[in-house]
Amino acid sequence: MSAADKQDAPQSALARFFDSDLWWSFTHSPVVMLAALVTVVIIFSAVFAPWVAPYNPFDLAQLDLMDSLKPPAWLEGGDPRYLLGTDDQGRDIFSTILYGARISLLVGFLSVIVAMLIGVTVGLIAGYAGGLTDTILMRIADIQLTFPAILIALLVDGVMRGLLPGSHENLAIFVLVLAIALSSWVQYARTVRSSTLVERTREYVQAAQVIGLPAPLILVRHILPNVLGPVLVIATIQLALAIIIEATLSFLGVGVPPTSPSLGTLIRIGNDYLFSGEWWITVFPGLGLIILVLAVNLLGDWLRDALNPKLR
Amino acid sequence: MLFFIARRLAQSILVMLTVALIAFTLFQYVGDPINNMVDQDTTLAERERLRQELGLNDPPPVQFWHFVQRVSHGDFGVSYRLKKPVAGLIAERFPATMELSLISAILALGIGIPMGVYTALHRDRLPARLFMTLSLVGISLPTFLIGIFLILLFGVQLRWLPTFGRGEVVHIGWWSTGLLTKSGLQSLLMPAFTLAVFQMTLIVRLVRAEMLEVLRTDYIKFARARGLKTRAIHFGHALKNTLVPVITIIGLQVGSIIAFAIITESVFQWPGMGLLFIQAISEVDIPVMAAYLLLIALVFVIINLIVDILYFVIDPRLRVNK
């Protein structure tokens, strides 16, 4: 949002941002401010997990099996050193959540970026080229849109695991990112295509064509900056979806490997202890996931409504 | 209209061929099918003979053609993991998935449509606001977490409901049903509700938006002017016209219920096709993966075709324009 402002007038970008409708609607909605705060806190503590987390759950030297399966600190038998309790290997749940959120956010952001790259490229090409290229690309998009994203991610993940047997421990995260990206590029492609169709007929594009600029240059330098706005809104909403898909695939055991667990993997691990009464191993990562997704969803909803002139 | 259906049909066949090609590629490049069929004592010459017999030395397009022919006769080969014909495995698990999907679709519609109508008619009342907030939370809740929390509450803490499996089933011909026994119904409750929540939130939002749109139209105003009862206007006129787009969306949702069944079945260890597929993925059991891939694609293609045709049947305006 502020990126677009900076391009127009670098010297007063910040002042203009604080003067904008966007900032006004932000400061006048307590729910949105809370969601933004929660999101920032989670992202910050996930990125700086090695410094924020009280323990490094993957450093074997710090683990002690004597500390395993301790309930949260406020319950009977709890240990004040472990606020949210420990898992079967004596790992501090709070720390594993921070490290897990790191993986979840990493996969989420990467897959949104990859999906955006694919979608924006397809949308620009389809909108600018028109004709048969447009028809074929949009037909593919239509067909894909009839399948739920999570099913496509699962199938792509399954197929790629099949094609790359053996080595997928190391490749798991990349396979996952690609699977989620391939399941969600259509939204970007459709939006970018329809705005490109409009921009294509504008005078500045015609001028660029007349002076003989090559099509790729016109697309990237002239049309792209003008169609990027809605893309950022979609990206925020898709981030929540990407995190959910990642968690689901990891929970199903086809996502990231247990050696670098995400929130979904943690929930999968904890699920085995549900019946023996150690509920905290599952519930706290689950709550963490819900809070993260809800906060990002609220931000996305707000951004969509605030930037949509029709709703004002 | 005939032209439209023919075009859609051609497109559907193209989709199925593409999915078949993906499935075929899996067979081609993952492992050696011969190794999965013979033991270590088989000589090289015998392997070569088998290879020739099975047509594995033919050029890939010819092999693909044979593959399509086999698949269209329902022959998906033998599962690497379970050493049984895949078609039989799927048929065995088909009723479990279908019962789960059907019951949760009924749940989602039965709760979702009244909630949507209520939130549209009484927009500013407290329950309506509560429903809308709940539906946002519902969208943010991953399906598997709903299942886990339900298990924790009703299975582990309260011990009211069984947490895995289908309970006792009754066999009627080749169909096995859990709807006729008490334990079967109890086992169905939590998985069906878990699967229904996401669809329900979608339906509430959709019905609400459509209903608000319809209530603004002129014919509702005229119906009011004619002095019709509010009840007749809301349910006889508004709801009826709301349901046209809702039905098409619901048609499409049937597909995604089957997709989300994979997750629900995995949480509750429900012995359906989705669980079979997840196990196949983690064990790289290609024949099962390929069969599920093709089956799901077929279900989606058929549903889409029906929905497209329904559009023409339900909405007369489309017929005039084309």
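Thresholds, definitions, all that
- Residues numbered from 1 in each chain as written.
- Chains lettered and ligands numbered in written order.
- Predicted model: local features only at pLDDT ≥ 70, side-chain atom pairs only at ≥ 80, totals over all residues.
- Heavy atoms only, no water.
- Helix = DSSP H or I, 4+ residues; strand = E, 2+ residues; numbered from the N terminus.
- Buried < 20%, exposed > 50% of the residue type's maximum accessible area, 1.4 Å probe, protein only.
- Contact = heavy atoms within 4.5 Å.
- Areas by Shrake-Rupley, 256 points an atom, 1.4 Å probe, with all protein chains shown as cover.
- Buried area = accessible area lost by both parts, 1.4 Å probe.
- Salt bridge = Lys/Arg side-chain N within 4 Å of Asp/Glu carboxyl O.
- Polar contact = N/O pair within 3.5 Å; in protein donor to acceptor, adjacent residues only side chain to side chain.
- Lys, Arg positive; Asp, Glu negative; His and termini not counted.
- pLDDT = per-residue confidence, 0-100.
- Domains from an automatic or database assignment.
- Nonpolar A, V, L, I, M, F, W, Y, C, P; charged D, E, K, R; others polar.

Asker: What am I meant to see in the overall build of chain A here?
Answerer: Looking only at helices and strands, chain A has 13 helices and 0 strands in total. Traced from its N-terminal end to its C-terminal end, chain A shows the element sequence α-α-α-α-α-α-α-α-α-α-α-α-α. In chain A, which comprises 312 residues, the share counted as buried stands at 48%. By sequence separation, contacts in chain A at least 24 residues apart represent 69% of the contacts at least 6 residues apart. Just so you have it, chain A exposes about 14,800 Å², and 67% of that area is on carbon and sulfur atoms.

Asker: Teacher, can you tell me more about the interface of chain B and chain A here?
Answerer: The interface of chain B with chain A comprises 40 residues on the first partner and 36 residues on the second. Interface of chain B and chain A: buried area, both sides summed, is about 3,400 Å²; carbon and sulfur atoms make up 83% of it. Put simply, chain B and chain A have 0 salt bridges between them. Here chain B is connected to chain A by 0 residue pairs in polar contact (both at pLDDT 80 or more).

Asker: Could you clarify how one ought to interpret the side chain of Arg93(B) in this entry?
Answerer: Residues and elements named next belong to chain B. Considering the arrangement of structural elements, one finds Arg93 in helix 4 (residues 86-121). We note that Arg93 is buried and unpaired, the nearest opposite charge coming from Glu92 at a distance of 4.8 Å. Contacts of Arg93, omitting those with residues within four sequence positions, involve Pro271, Gly272, Met273, Leu275 and Leu276.

Asker: Looking at this model, I keep getting lost on the environment of Tyr292(B). Mind explaining?
Answerer: Mapped onto the secondary structure, Tyr292(B) falls in helix 11 (residues 286-314). Taking the C-alpha atoms as reference, Tyr292(B) lies 9.7 Å from Phe76(B); in sequence the two are 216 residues apart.

Asker: In this structure, what is going on with the confidence of the model for chain B? I would like to understand it.
Answerer: Regions with low pLDDT should not have their predicted coordinates read in detail. Residues and elements named next belong to chain B. Of the residues in chain B, 93% reach a pLDDT of 70 or more, and the chain-wide mean stands at 80. Taken element by element, chain B is modelled with least confidence in helix 12 (residues 316-321), mean pLDDT 59, and with most confidence in helix 4, mean pLDDT 87. In the model output, the complex is listed with pTM 0.83 alongside ipTM 0.78.

Asker: Would you mind going over the domain arrangement of chain B with me for this structure?
Answerer: Interfaces are often described in size by the accessible area the parts lose on coming together. Residue and element names in this part refer to chain B. Structurally, chain B comprises domain 1 (12-72) and domain 2 (92-321). Computed from C-alpha coordinates alone, the two centres of domain 1 and domain 2 are separated by 38 Å. Contact residues are listed per partner, giving 12 residues for domain 1 and 11 residues for domain 2. Approximately 940 Å² of surface area, both sides summed, lies buried where domain 1 meets domain 2, with 94% of it carried by carbon and sulfur atoms. Taken together, domain 1 and domain 2 are joined by 0 residue pairs in polar contact (both at pLDDT 80 or more). Residue assignment for the side of domain 1 that touches domain 2 shows that the elements contributing at least two residues are helix 1 (2-29) and helix 3 (60-72). The element contributing the most residues to the side of domain 1 that touches domain 2 is helix 1, with 9 residues. Split into classes, the residues belonging to the side of domain 1 that touches domain 2 amount to 11 nonpolar, 1 polar and no charged.

Asker: Help me understand the pattern of salt bridges in this model?
Answerer: Any two side chains of opposite charge can pair, so long as their charged atoms come close to each other. Inspection of the entire model under this criterion finds 6 salt bridges over all chains. Where Glu213(B) meets Arg216(B), a salt bridge forms, and the shortest distance between an N and an O atom there is 3.4 Å. Across the pair Lys221(B) and Asp218(B) runs a salt bridge whose closest N-O atoms are separated by 3.8 Å. Of this pair, Lys221(B) and Asp218(B) are both found in helix 8 (residues 218-225), 3 residues apart, which corresponds to roughly one turn of the helix. The exposure class assigned to Lys221(B) is exposed, which follows from its relative accessible area of 53%. Here the salt bridges do not stand alone but share partners, grouping Arg139(A), Asp142(A) and Arg190(A) into one network.

Asker: Please explain unusual backbone geometry as it appears in this structure.
Answerer: Residues and elements named next belong to chain B. In this structure, Gln269 takes a positive phi of about 50° despite not being glycine. One can find Gln269 in the loop between helix 9 (230-268) and helix 10 (273-282). By relative accessible area, which is 41% here, Gln269 ends up partly exposed.

Asker: Would you mind going over the side chain of Ser183(A) with me for this structure?
Answerer: All names here are of chain A. Along the polypeptide, Ser183 turns up in helix 9 (residues 168-200). Here Ile180 takes part through its backbone oxygen, which lies 2.7 Å from a polar atom of the side chain of Ser183. The residues touching Ser183, leaving out its near neighbours within four places in the chain, are Gln144, Ala149, Ile152, Ala153 and Ile245.

Asker: Can you walk me through the confidence of the model for chain A in this structure?
Answerer: Residues and elements named next belong to chain A. Chain-level pLDDT for chain A is 81 on average; 89% of the residues reach the 70-or-more range. No element of chain A has a lower mean pLDDT than helix 1 (residues 2-8), at 48, and none a higher one than helix 6 (residues 93-129), at 91. Of the regions scoring below 50 in pLDDT, residues 1-6 engages in 8 contacts with residues more than four places distant in sequence or in other chains.

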